[in-house]
Amino acid sequence: MKNYKLVLSYEGTRYRGWQRQGNTSGSLQEKLETLLSRMLEQQVELAASGRTDAGVHARMQVCSFRAETKRSPEDLLQELRRHLPEDIGAVSLEEADPRFHARLSCREKTYLYRIWNSEMPNVFTRRFQLRVPEKLDPDAMRSAAELLCGEHDFAAFCSLKNAKRSTVRELRSIEIRREGEELQLFFTGDGFLYNMVRILTGTLLEVGQGIRSPESVAEALLTKDRAQAGPTAPAQGLCLWEVRY
């Protein structure tokens with residue numbers, strides 16, 4: 001039985017997220033597992049570096065799976081590319097170390113949230129950006145971002161369904177860049193909770209709009225109260241940007 005590492009990119013607009021949901025169709029995991037199982041004539045189960053939500057995109061989603069086959073990774077990759085729809089790209093496929101696991105071996109992830117900060121709409125990027133026509137203050141957002149970085153209990157910044165799981169994570173950096181009318185928020189950490197990046201983004205947007213002070217994020221961290229953080233930003237602006245091992 002061989003172990004494989006598969007790197008994908010996808011536009012998440014029309015999918016119900018990565019994770020297979022029981023008998024409900026429309027997840028990326030279900031689509032990939034069905035195709036690989038047919039190609040390899042055996043049941044294939046994929047493990048992913050992270051479970052992107054419905055409507056969230058990925059520039060670099062890493063998966064691992066085990067299979068018994070004599071076919072080369074290059075041959076399998078070419079067949080994947082022939083059969084996948086245009087909104088899912090098979091970037092690479094290679095045989096991995098037997099101990100490699102896409103999620104458990106992951107050391108660090110970076111997510112990108114894109115904001116179109118202009119009164120003028122951009123119809124060509126509407127599925128990949130959140131449009132915020134109001135003027136934003138990037139410096140205030142950076143001040144708040146500094147307070148969020150480090151190892152904290154991010155209970156106020158997640159929609160965690162299972163309260164028994166730890167909500168402590170290390171947020172290693174938040175980088176805020178402006179490219180013309182686009183504001184780009186890069187979040188790098190050792191792991192992220194359910195909706196964490198989208199809630200962090202919603203909170204930083206409130207800081208940028210002057211709705212809350214930069215210092216208020218420290219209070220939200222301290223209280224661990226979800227009501228003290230900002231709203232959950234929409235899915236379409238979020239992209240799993242890079243995964244590191």
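Our subject is the structure that appears above.
Residues numbered from 1 in each chain as written. Predicted model: local features only at pLDDT ≥ 70, side-chain atom pairs only at ≥ 80, totals over all residues. Heavy atoms only, no water.

1. Thoughts on helix α2 (residues 73-83)
- Taken together, the buried positions of α2 are Pro73, Leu76, Leu77, Glu79 and Leu80. Viewed along the axis of α2, the buried residues span an arc of 165 degrees, placing them on a single side of the element. Facing away from the buried side of α2 by over 90 degrees, the exposed positions are Glu74 and Arg82.
- Looking at the buried side of α2, the elements it contacts are β1 (2-10), α1 (28-40) and β4 (88-95). (Buried < 20%, exposed > 50% of the residue type's maximum accessible area, 1.4 Å probe, protein only. Helix = DSSP H or I, 4+ residues; strand = E, 2+ residues; numbered from the N terminus. Arc of directions from axis to C-beta. Contact = heavy atoms within 4.5 Å.)

2. A closer look at the pairing of strand β3 (residues 57-67)
- Burial of β3 is extensive: nine of the 11 residues sit out of reach of the surface.
- Judged from the two bridges that link them, strand β2 (residues 47-48) and β3 form a sheet pairing that is antiparallel. Each bridged residue has a counterpart across the sheet, and for Ala48 the counterpart in β3 is Cys63.
- As judged from the two bridges shared by β3 and strand β10 (residues 238-244), these two strands associate in the parallel manner. Within β10, the residue paired with Ala58 across the bridge is Leu240. (Pairing = 2+ DSSP bridges.)

3. Details of helix α5 (residues 216-223)
- Looking at α5, one finds that the buried residues are Ser216, Val217, Ala220 and Leu221. Angularly, the buried residues of α5 cover 150 degrees about the axis, an arc narrow enough to put them on a single face.
- Turning to α5, the residues buried within the fold contact α3 (138-148), β7 (150-153) and α4 (196-208).
- The positive-phi residue at the C-terminal boundary of α5 is Lys224, with phi of around 60 degrees.

4. Structural notes on the packing of aromatic side chains
- Counting across every chain of the model gives six aromatic pairs.
- Aromatic side chains Tyr10 and Trp18 sit 6.4 Å apart centroid to centroid with 20 degrees between the ring planes, which places their arrangement in the stacked category.
- Plain terms: the ring middles of Phe186 and Trp241 are 6.1 Å apart, the flat faces sit at 75 degrees to each other, and that makes the pair edge-to-face. Of the two residues, Phe186 is situated in strand β9 (residues 182-189) and Trp241 in strand β10; the sequence distance between them amounts to 55 residues. (Phe/Tyr/Trp six-rings, centres within 6.5 Å; stacked < 30°, edge-to-face > 60°.)

5. Focus: the pattern of salt bridges
- Following the criterion strictly, the structure yields 16 salt bridges and no others.
- The residue Glu182 makes a salt bridge to Arg114 at a minimum N-O spacing of 2.8 Å. Taken as a pair, Glu182 in strand β9 and Arg114 in strand β5 (residues 108-116) lie far apart in primary sequence, 68 residues in all.
- Of the residues examined, Arg114 reaches a relative accessible area of 24% and is grouped as partly exposed.
- Between Asp139 and Arg142 there is a salt bridge whose closest N-O contact spans 3.0 Å. Here the residue Asp139 and the residue Arg142 both occupy positions in helix α3, the gap between them amounting to three residues, near one helical turn.
- The class for Arg142 is partly exposed, based on a relative accessible area of 32%. (Salt bridge = Lys/Arg side-chain N within 4 Å of Asp/Glu carboxyl O.)

6. Here's the deal with the side chain of Thr188
- Mapped onto the elements of the fold, Thr188 is located in strand β9.
- Within the local environment of Thr188, its side chain forms a polar contact with the side chain of Thr110, the two groups lying 2.7 Å apart. (Polar contact = N/O pair within 3.5 Å; in protein donor to acceptor, adjacent residues only side chain to side chain.)

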